[in-house]
Each structure stands twice: as structure tokens, then as C-alpha cells.
Amino acid sequence: MAGYILALDQGTTSSRAILYDDHARPIKMAQQPTTLQTPKAGFVEQDAQQIWQTQISCAHDVINLAGLLATDVSSIAITNQRESIVMWDKQTGKPLAPAIIWQDRRTASYCKTLAAEPASRGESDSGARSKSALSKVAVSDTGLNSSAQHGMAEEVQRLTGLRLDPYFSASKIAWLLENNPKLSVRASRGEIAVGTIDSWLIYKLTGGAHVIDVTNASRTLLFDIHKLAWSEVLCARFSIPMSILPTVLPSDGDFGKTKKGLFAKQIPIQSVLGDQQAALFGQGCLDAGMAKNTYGTGCFMLMNIGKQPKISEHKLLTTIAWQRKTSPTRPDNLSFDQIVQSGMRLLQPPKKEVTYALEGSVFMAGAIIQWLRDNLGMIKTSGEVEDLARQVDSSEEVVLLPAFTGLGAPYWRSDISASITGMSRGTTKAHIARAALEAVAYQTYDVLIAMQKDSPHPLTELRVDGGAANNDLLMQFQADLLDVPVLRPRDTEITAKGAAMLAGLKTGLYDDTTMQASWQVDRIFEPSMSADMREQHLSKWQQAIKRSLMPL
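Below you will find a few notes about this structure. (Residues numbered from 1 in each chain as written. Predicted model: local features only at pLDDT ≥ 70, side-chain atom pairs only at ≥ 80, totals over all residues. Heavy atoms only, no water.)

### Focus: the pairing of strand β21 (residues 486-489)
1) Next: Residue alternation in β21 divides its side chains into two sets, V486 and R488 and L487 and P489, and both sets are buried.
2) Next: Relative to β21, strand β20 (residues 462-465) runs parallel, the two sharing two bridges. Each bridged residue has a counterpart across the sheet, and for R463 the counterpart in β21 is L487.
3) Next: In this region the chain leaves β20, passes through helix α14 (residues 472-482) and returns to the parallel neighbour β21; the handedness of that crossover is right-handed.
4) Next: Pairing of β21 with strand β22 (residues 521-525), which is carried by four bridges, proceeds in the antiparallel orientation. Paired with V486 across the bridge in β22 is F525. (Buried < 20%, exposed > 50% of the residue type's maximum accessible area, 1.4 Å probe, protein only. Helix = DSSP H or I, 4+ residues; strand = E, 2+ residues; numbered from the N terminus. Pairing = 2+ DSSP bridges. Right-handed = clockwise from strand over helix to strand, strands pointing away.)

This is the structure:
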């Protein structure tokens, strides 16, 4: 079956489009940068129109670069930066505010206040609550645990698998509604729509479909990952009308077709995955216990934990990895004759099975290198950091704690600031560059330790992807710290590939053999550091963490 998959990859700093052929091989890519704005401390925004315009421009460009026509494209797959939100007018399709990006921390105090509240609250104490949008609406106890001592933070984690943190979408939406009274009124009238970046792109591509994939929905702090539905309780607690939220579809659902005139034909959108879930799928981590780490703007380790959600006891996230249609199966424990005699179908209809994952999110990874480049001027391009770091054999006592937007898993401290410690008169920019790369690996180590405590599956290897995965010095240091092999595939741009693979499997363009053949190892980094040296490195990092957590 001939055809091409057009994968749209909308990230934090750029929009990309990649065409994959019928063997899941990337043939052409187009990319355009997007601009982040930081109008105030803690605010991180983007122009939603720029996100759309760069993405559709890349889509047209890549088809032209490949010498193809839109009629050659079988399906569109979408993968996107998660948690970021756009609010727009349902009639005009125009954004009503800048997109609020996942790195944004404006609602830190918001979330801290809500986290301290009891999950169950009655009318008698509602007047004592703050006037923020997070606590305006009185909420019944339906769906909440009955104990008055049960905190809201615990209840949020129980329902969503997430932590009550400004990183996720709910408090961003609530902030927009509270700080723009006209938007709140219009929301109550059903005149506006809100969604994550996939929702925004699908709305623009189709000319009006207001939908979201289940993996992106699971990152909003409003989605019950057990019931697979928006939580009425959480929407009310955040004062978010459910009417403004998109319809949730499986990851390989039918998201609509592109509107007439956008391409030479109407192309179906048949796969949508949040970027980290797409990377997990693209890395072939389809069995429980398999894990990957993506080294992008942030750093994200995900482990497949199978068909049942497990709420983390070590400050990790439980999230939906994907929901996809399974192959038709014969009824369990019945022979062919028994099936015929019972009048049952020989094959049961396919189900939309859900796969769950544990996730550790590190806020700053590749963004640390961008900081060295853009803010300190230590390097001209990000690729130069490895050569600079190799000018010294060790970072010595220098530790870079990259808490520019707080610390993510497993600490979840939005009040911690970035720092560089252990410097002397002999410290050079090479030491700082090496400490920056080591900081990425240290954060990954912290996540892995927490993940191993939660999961019954021991990690035997780590599959890696993302731009920084091409840094050999970082990958070797990562293998040394984890004491397991680090496997880098030939194609490290695995995020778009994961979404494309899912679309190809749905359309029949790909099969399981295609998926297995498409993942090939470029290099295996075997651990070579002694146990004593590993302990010295980890002790230096843990001391820096301990100092940062101490009260002033």
C-alpha cells in the first residue's frame, strides 16, 4: 500500500512537518522557529496565530520539498507540546489571549493555596475561601473522598495522576477566566473554546472541530484517567465551564478532515499524541517496563506500566500513554465449536485499549544550553557545548542547579531558584558547560530512582531521543550515572515518528513488522564509571539539592 504520512510536530520553540514514506522512513522535513514571550517574571507566552501559521506553512513546504502533491498524503498525524493552552472565539476562530505555555509559573501561589484546601468542603466554609477562580464555585462532595482531612492535592492526584502544579493546564485556564471578566461571561454563554495545542491545530485544520486526544486531555488536571472523562468535580473546583472544553477522542480516533481549500484534497487526521507519549510509542516501548527519555527543551522520562494506572508514591506522574484500537480477538477460553454453538461472534469487535505510563518531568534540559548560548553568550550554537565541555576532564566542584522555573520531578518545588555553586578563581566557562550537561543527567537520575521505587519492573536499558541525545558526552555520563546501557536510535527525532507510526498502523500503511524494522540502534553507551566515582558525582549533586531546599 503506497502513501505518505504527514506528521505535524508543534514544539515549544519551533513548528515542524515531516513526511514519512510507506516504510516509516522520513523523507523530508520543514521547520520554522516560534517565539516565546516573557512579559513578566514567571509568565511564558506565545502568539497562537504564529503557532498556527508556522505549522501550516511547514506542512505546505515539506510537501513541496518532497516533490509530492497533497493527493499523495494518506493521513495527517499530530504531536505537540503538552499542557500549553489556547483560548479562542468559537465563531471567528481568533485567539482571545496569548497562548500560555507549559513553562509558565504565574499560578504558583494559586496552586499552593488550592493544594492546602480539603478535598471536601461545605457551604459553611466557602465564604472564607479566596476570591480566586479556583475557589469561587461551591462544590458538592460527589466524586470526592469523604474524609475532610483529605487534601485537594491528594484528590487531584487520585483522579488525574498528576500533581497540583502550575505546569498543567487547569490553573492557566482558570487564570485567563479570572483575570479577564469579559471572557468569563462569554465562557458562561458558550461563546469561547479552549484547548491544548493539538485542539487549536485541529480546529484550524478542520475549520471548526473542537476535539482533543486523550493523552493531551490527561495533562490538563481536569481529566479523570480512571473514568476517561472530564471530571465535573475538578472543573467546578477550578471554576471552568465544561462547555468550553473539547470532546475527548482516542489517540487513533477520527479527528476530522482538513477543510476544503487548505490542501488539494481533504486529508484525514487520524493520529494525535502528546509529544512525550509520541516519543514513547516511536521508541517501540510497547511492553510494560520499557522506558525512554527525551532530551528536548525539558527532559521527560516515561515508562510503560501496562493497562492499569498506578498512582505514584514517589512524586512522579501517572499519565495516559495512548488509547488505540486493538485487533479483533476470539472470545477467551472458548473453542471454535463452543463459539458456534453459543451464537457468539467468532471475532470480538476491537476495543479501544488504554496504556498507562509513569512520567518524570524535568523542566530544564536543552533549555540550559540555550541559556548558556543566549543569556551568557558562552557559545554561538547549541552544538558547540560538547566541544567546550571537553576542554576539561571534570567540572570539579562546580554544580549548576537549573531551577530557572523551579524543580520538577521528584521535588516539585516552584519556589527554588537556579544557582551555580562550587566555583573558584580557576573556574572557566568549560567547567560551567560541563556542569550544565551533567545537570541534565543528574535530573534524569533522580527521576529514575523514584520510578524504580514505583515500578515492579527493573530498568535494564534506557532508550533516548531528542536533540541533546546527539551529545555523546552527555549520553556517556548518563549511562555512567544510571549504570545501565543507553541506546540511541539512528533517528533521534522520534516524536514525530511516533505519531506517524500510529497513523500508519490505523490506516494499514504500516504493520508491526514496519514498526520493528524502523527502530535501529545508532550507538549503545555502556556504563564505564567506577562505583566510587559514581558515588562522588551523586554526592556532589545531592549536596547542591540539599542546600537549595534549606530555608533561608
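Next, the rest of the story.
### Points about the pairing of strand β15 (residues 299-306)
The side chains of a regular strand alternate between the sheet's two faces.
1) Next: Within β15, eight of the eight residues are buried, leaving the element largely enclosed by the surrounding structure.
2) Next: With five bridges connecting them, strand β14 (residues 291-295) and β15 associate as antiparallel partners. Residue pairing for β15: Y295 is matched across the bridge by C299.
3) Next: Between β14 and β15, which pair antiparallel one after the other, the connecting turn spans three residues.

### Observations regarding the nonpolar core
1) Next: L6, I78, I173, L177, L222, F263 and Y295 are the most contacted members of the largest nonpolar core, which has 175 residues in total.
2) Next: Per-element tally for this core: the top contributor is helix α13 (residues 429-454), with 15 residues.
3) Next: Setting aside chain neighbours within four positions, we find F263 in contact with L6, I56, A59, H60, I63, A70, I76 and T258. (Core = buried A, V, L, I, M, F, W, Y, C linked by side-chain atoms within 4.5 Å. Contact = heavy atoms within 4.5 Å.)

### A short note on the sheet that holds β21
1) Next: The seven strands lie next to each other as β16-β17-β15-β14-β20-β21-β22, forming an open sheet whose pairing is mixed. Edge positions in the sheet fall to β16 (317-325) and β22, since each of these pairs with one other strand and no more. Each strand of the sheet is rotated relative to its neighbour by a mean of 30°, with strand direction disregarded.
2) Next: The sheet strands contacting helix α9 (residues 275-282) are β14, β15, β16, β17 (352-362) and β20, and the helix crosses β16 at an angle near 60°.
3) Next: Strands in contact with α13 are β14, β15 and β17; relative to β15, the strand with the most contacts, it is inclined by about 20°. (Axes fitted to C-alpha atoms, helices over the stretch in contact; angles between N-to-C directions.)

### Examining the side chain of R237
1) Next: By the element assignment, R237 lies in helix α8 (residues 232-237).
2) Next: A polar side-chain atom of R237 sits 2.9 Å from a polar atom in the side chain of E117. (Polar contact = N/O pair within 3.5 Å; in protein donor to acceptor, adjacent residues only side chain to side chain.)

### Observations concerning the sheet that holds strand β5 (residues 73-80)
1) Next: Strand order in the open sheet formed by five strands is β3-β2-β1-β5-β13, and the pairing between neighbours is mixed. Looking at the sheet topology across the chains shown, the edges are occupied by β3 (26-33) and β13 (269-274). Here the average twist between neighbouring strands, direction ignored, is 15°.
2) Next: In this structure, strand β2 (residues 14-20) lies alongside β3, joined through seven bridges in antiparallel fashion. Paired with I18 across the strands is M29, a residue of β3.
3) Next: Here helix α1 (residues 48-65) sits on the sheet in contact with β1 (4-10), β2, β3 and β5, set at roughly 150° to β3.
4) Next: Here helix α6 (residues 197-206) sits on the sheet and contacts β1, β5 and β13; the angle it forms with β5, its principal contact strand, is near 150°.

### Topic: the packing of α13 against helix α17 (residues 531-549)
1) Next: The interhelical angle for the contact between α13 and α17, taken along N-to-C directions, is 90°, at an axis separation of 11 Å. Classified by the interaxial angle, the pair formed by α13 and α17 is roughly perpendicular. On the side of α13, the interface is formed by E438, A439, Y442, Q443, Y445 and D446, while α17 contributes H537, L538, K540, W541 and Q542.
2) Next: When its residues are assigned to classes, the contact of α13 with α17 shows five nonpolar, three polar and three charged. (Parallel < 35°, antiparallel > 145°, perpendicular 65-115°, else oblique. Nonpolar A, V, L, I, M, F, W, Y, C, P; charged D, E, K, R; others polar.)

### A short note on the environment of A531
1) Next: For A531, the position within the fold is in helix α17.
2) Next: The sequence separation of A531 and D480 amounts to 51 residues, and the corresponding C-alpha distance is 9.1 Å.

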